[in-house]
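# Descriptive structure summary
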Amino acid sequence: QAVVGERNWLTLRHIVYLLQFTRHYSVRALQRLSTLYLYRKAHMPKGQYIRKPPRPVIERLLARIIVLPNGCWIWTGCLDKDGYGNIQVGKSPRQVHIVSYEHFVGPVPTGLQLDHLCRTRSCANFEHLEPVTCQVNVLRGEGLAAINSRKTHCPQSHEYNEENTIINNGRRVCRECNRTAARE
């Protein structure tokens with residue numbers, strides 16, 4: 001059901017913004033100009049407009065999703081700089097995969113992050129999301145820390161194991177390579 005409001009479609013503020021570079025208009029002249037540009041329907045009283053009620057967030061979310069054969073729900077709306085989908089909830093933007101998870105599953109547990117099991121950042125399918133710790137999420141990713149943690153051998157092909165590995169300031173160092181470097 002439409003809501004009738006007590007506002008003009010084009011207000012004085014809009015007119016002032018449009019004419020901000022023409023300084024020869026007085027405030028009264030701008031008020032007269034605003035009445036000329038008002039949008040009114042013939043059946044509505046003067047100065048009122050029809051405002052549509054806002055659509056529910058989940059309805060807006062599902063309207064902008066494409067389902068791929070692999071099951072991913074690809075968000076076709078706004079993406080942030082990292083490739084995650086954004087949707088307006090109230091007055092602030094939220095990430096689409098979090099909104100989807102909270103709607104279909106429930107709130108994200110405290111201290112956990114949602115990890116995309118499909119590795120597609122714009123996917124909003126709640127079945128492709130798993131709450132994990134920050135460390136697990138980083139190590140599952142494609143960043144430098146994840147790449148280095150998956151290495152099993154040093155550059156000289158020595159295996160990283162308990163006997164051949166030194167942890168120095170959080171970094172793995174090969175004992176064999178370290179001995180060789182110390183000799184030279």
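Residues numbered from 1 in each chain as written. Predicted model: local features only at pLDDT ≥ 70, side-chain atom pairs only at ≥ 80, totals over all residues. Heavy atoms only, no water.

## Re the overall build of the protein chain
Heads up, the rule is: Secondary structure elements follow DSSP: runs of H or I of four or more residues count as helices, runs of E of two or more count as strands, with numbering from the N terminus. For each residue, the accessible area found with a 1.4 Å probe, counting protein chains only, is set against the maximum for its type, and the residue is called buried under 20%, exposed over 50%, and partly exposed in between. Contacts are assigned to residue pairs with any non-hydrogen atoms lying within 4.5 Å of each other. Note on areas: Shrake-Rupley with a 1.4 Å probe; residue coverage comes only from the protein chains shown.
In terms of helices and strands, the protein chain carries seven helices and 10 strands. By the burial criterion, 27% of the 184 residues in the protein chain qualify as buried. Within the protein chain, contacts between residues separated by at least 24 positions form 35% of all contacts whose residues are at least 6 apart in sequence. Just so you have it, the protein chain exposes about 13700 Å², and 54% of that area is on carbon and sulfur atoms.

## Examining the pairing of strand β10 (residues 171–174)
As a reminder, the rule being used: At least two DSSP bridges between two strands are needed for those strands to be called paired.
Sheet analysis places strand β9 (residues 165–168) next to β10, joined by four bridges and oriented antiparallel. Note on β10: the bridge partner recorded for I167 is R172. Remark: two residues form the turn of the hairpin made by β9 and β10, two consecutive strands paired antiparallel; N169 in that turn has positive phi of roughly 55°.

## Some remarks on the environment of V57
When you line up the elements, V57 lands in helix α3 (residues 57–63). Separated by 46 residues in the primary sequence, V57 and H103 place their C-alpha atoms 9.6 Å from one another. With residues near it in sequence (within four places) discarded, V57 still touches I87, V89 and V99.

## Describing the environment of P93
Secondary-structure assignment places P93 in strand β6 (residues 92–95). Other than its neighbours up to four places away in sequence, P93 contacts I87 and Q88.

## Looking at helix α4 (residues 96–104)
Of all the residues in α4, the buried ones are V96, H97, V99, S100 and Y101. Next to the buried residues of α4 lie α3, β4 (73–75), β5 (86–89), β6, β7 (113–116) and β8 (129–132). At the C-terminal side of α4, G106 shows a positive phi close to 145°.

## Overview of the confidence of the model for the protein chain
Inclusion rule: pLDDT expresses how confident the predictor is about each individual residue, on a scale running from 0 to 100.
Across the protein chain, the average pLDDT comes to 80, with 72% of residues at 70 or higher. pLDDT under 50 marks residues 1–11. Its contacts with residues more than four places away, or in other chains, come to 28 contacts. Here residues 37–43 is a poorly scored stretch, pLDDT under 50, and it has 11 contacts once near neighbours within four places are set aside; other chains count.

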